[in-house]
Amino acid sequence: MNYSSPASFNCANNECPEFFRRKENCIYQYTKGQCCTTGPAICGKKIEELGKCYLEGKLYREGEPMFPEKNSCYKCHCKQGFDNSTVVGNPNCYEINCGIELRNAERLSLGCIPVYFGNDRCCPISWRCPEDKDTIIEEGPRSAQDSKMQCKFGKLTMGVGDSISSEDKYECPSFADRDNRKCYFNGNIYEPESSLSKFDERLSPCYAGCICVNQNNFSSFICASIACPEIMVREIDCIFKYSPFECCPTEKVCGDETKELTECYLEGTRYLEGEMMYPREESCYKCSCQKGFDNSTIRGNPNCYELNCGIELFNLEQLMDGCIPVFFGTRGCCPIWWRCPSDEDTVIHEEQPENANEINPKLQCKFGNLTLNVGDYVSSDQTTVSCKCSIPPMVHCVQKK
């Protein structure tokens, strides 16, 4: 027998037919522990006959799955008598299983550790495995520590508060390996004519009905843009209240009623309960003024979440063509346009490193046919746009203000 690699599971994915043939004005009912719908779609007036559930201010019908925003590692099902006062311990809710032991047994045996995206994700998006060049960045106390209060990673032993060294680069997905006939979003694969899952829909709340459409053997999403009419008609002495992951306001409060609302302060600005807040220092985050809001931190704050620019929804073709996003200023979060490779592009060397022949290719940027070292620029006929290899593997473009 060959024991060179650990035993692992080999599983087939379930493909639920309802994901490919969604019907308008219909719902699908699911049973706890089942992947696909348990019966035909319920449509039209028959929906009104079903029981109702409310979770975090949203209405669901009997049999529908519910994804709690405050407990993102849980999934619930709308059943008669559903208790929305709690998720953890609720008989109609269960913890999502990421299938780590099913699909990542080899990584676990090698001592790799999961990498998570932001603070609202439940399952890992990649893995970090030990390397011989890893070193410890000592940040914790150096006094003698209980061995039970230490972390092990490869050959390293770290105290509480210590970090692992990391080369200054991003791990970007390979778009060249993707199937042009399918759509991709948030780590999920969508077949043509299928719609975004409810969980993925909430990541881009101002776009609705996103469907994967195949045109000339290239698939991309087509979405409807949501316009909030109340935004166009602002009333004096009124505020609009928003719920997390909602595009439009859910309530309007005016006059003396605003005095009863909780106040929040962020970066010196006063907000009222329900208002949205956009931190200047963390421009890729959006916060909601809620009771008990902690303005000492943004990342990890339960009332703040990372903005999704919808790049995979609307810019997949640019990504596949090797184009790079152009941001406005140094604090812009979402790109304002894209810079695509051309035959006229050249590399402008800011300074040639002494050990140029020993540069790790993983610490270089690729743009079209060009290879750039850290500090190099891509030539540009626009004086207001600067494209520099700052953090590999992608060139970073900024349009000056």
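Within any chain, residue numbers begin from 1 and follow the written order of that chain's sequence. The model is predicted, so local features are restricted to residues of pLDDT at least 70 and side-chain atom pairs to those at 80 or more, both for listing and for counting; the totals for chains, interfaces and linings are taken over all residues. Hydrogens and water are ignored here; the side-chain numbers use all heavy atoms of the structure.

What follows deals with the overall build of the chain. Under the DSSP-based scheme used, a helix requires at least four consecutive residues in state H or I and a strand at least two consecutive residues in state E, with every element numbered from the N terminus. Looking only at helices and strands, one finds six helices and 32 strands in the chain. In the chain, which comprises 401 residues, the proportion classed as buried is 33%. The contacts of the chain with a sequence gap of at least 6 include a subset with a gap of at least 24, amounting to 40%. Per element, the accessible surface of the chain, about 25500 Å² overall, is 49% carbon and sulfur. Each residue is assigned to one of three classes by its accessible area relative to the maximum for its type, calculated with a 1.4 Å probe on protein chains only: buried under 20%, partly exposed between the two thresholds, exposed over 50%. Should any heavy atoms of two residues lie within 4.5 Å, those residues are counted as being in contact. Note on areas: Shrake-Rupley, 1.4 Å probe, and residue coverage restricted to the protein chains presented here.

Before going further, it helps to examine the pairing of strand S11 (residues 150–153). Where S11 meets strand S12 (residues 156–159), four bridges bridge the pair, whose relative direction is antiparallel. Bridge pairing in S12 links Cys151 to Met158. Strand pairing is defined by DSSP finding a minimum of two bridges between the two strands.

Take the buried residues of types Ala, Val, Leu, Ile, Met, Phe, Trp, Tyr and Cys, join any two whose side-chain atoms come within 4.5 Å, and each joined set is a nonpolar core. By size, the foremost hydrophobic cluster in this structure holds twelve residues: Ile324, Val326, Cys365, Phe367, Leu370, Leu372, Val378, Val385, Cys387, Cys389, Val395 and Cys397. Secondary structure elements with two or more residues in this core: strand S25 (324–328), strand S28 (365–367), strand S29 (370–372) and strand S31 (385–388). Excluding residues within four positions of it along the chain, Leu372 makes contact with Val347, Gln364, Cys365, Phe367, Tyr377, Val378, Cys389 and Val395.

Glancing now at the side chain of His77. Summarising the element assignment, His77 is placed in strand S6 (residues 74–77). Residue His77 is classed as buried on the basis of its relative accessible area, which comes to 1%. If we skip the residues at most four places from it in the chain, His77 touches Tyr30, Thr31, Lys32, Gly63, Glu64, Pro65, Met66, Phe82, Asn92 and Tyr94.

The next thing to look at is the sheet that holds S6. Strands belonging to one sheet form pairs held by backbone hydrogen bonds; the direction of such a pair is parallel or antiparallel. Overall, antiparallel pairing links the three strands, which are arranged S5-S6-S7 in an open sheet. Each edge of the open sheet carries a strand with a single partner, namely strand S5 (65–66) and strand S7 (93–95). Inspection of the sheet shows S5 paired to S6 by two bridges, in the antiparallel sense. Considered in S6, the bridge of Met66 is made with Cys76.

Turning our eyes to something else, we now look at the pairing of S25. Of all five residues in S25, four are buried; the element is thus mostly enclosed. Of the strand pairs in this sheet, S25 and strand S26 (residues 337–339) are connected by three bridges, and their pairing is antiparallel. In the sheet register, Val326 faces S26, and the bridge partner there is Trp337. Pairing analysis gives three bridges linking S25 to strand S32 (residues 396–399), with the strands arranged parallel. Within S32, the residue paired with Phe327 across the bridge is Val398.

Once that is clear, we can look at unusual backbone geometry. A positive phi angle, close to 65 degrees, is found at Asn217, a residue other than glycine. Structurally, Asn217 is set in the loop between strand S16 (207–215) and strand S17 (218–225). Asn217 sits in the exposed class, given a relative accessible area of 57%. Positive phi outside glycine occurs at Glu267, with the angle close to 50 degrees. As for its position among the elements, Glu267 is in the loop between strand S20 (263–266) and strand S21 (269–272).

Here the focus is the packing of aromatic side chains. For any two aromatic rings, the description comes down to two numbers: the centre-to-centre distance and the angle of the planes. Classification of ring pairs rests on two measures: the distance between centres of Phe, Tyr or Trp rings, Trp counted by its six-membered ring, which must be within 6.5 Å, and the angle between planes, read as stacked under 30 degrees, edge-to-face over 60 and tilted in between. One pass over the structure, following the stated rule, counts three aromatic pairs. Seen in terms of ring centroids, Tyr190 and Phe221 are 5.8 Å apart; in terms of plane orientation they differ by 75 degrees. Their pairing is edge-to-face. Remark: Phe221 occurs in strand S17 and Tyr190 occurs in strand S15 (residues 188–190); sequence separation between them is 31 residues. There is no split in this pair, since Tyr190 and Phe221 are both buried. Centre to centre, the rings of Tyr207 and Phe314 are 4.6 Å apart; their planes meet at 55 degrees, and the pair counts as tilted. Taken together, the residues Tyr207 in strand S16 and Phe314 in helix H5 (residues 311–314) connect sequence positions 107 residues apart. Among the residues examined, Phe314 registers a relative accessible area of 35% and is labelled partly exposed.

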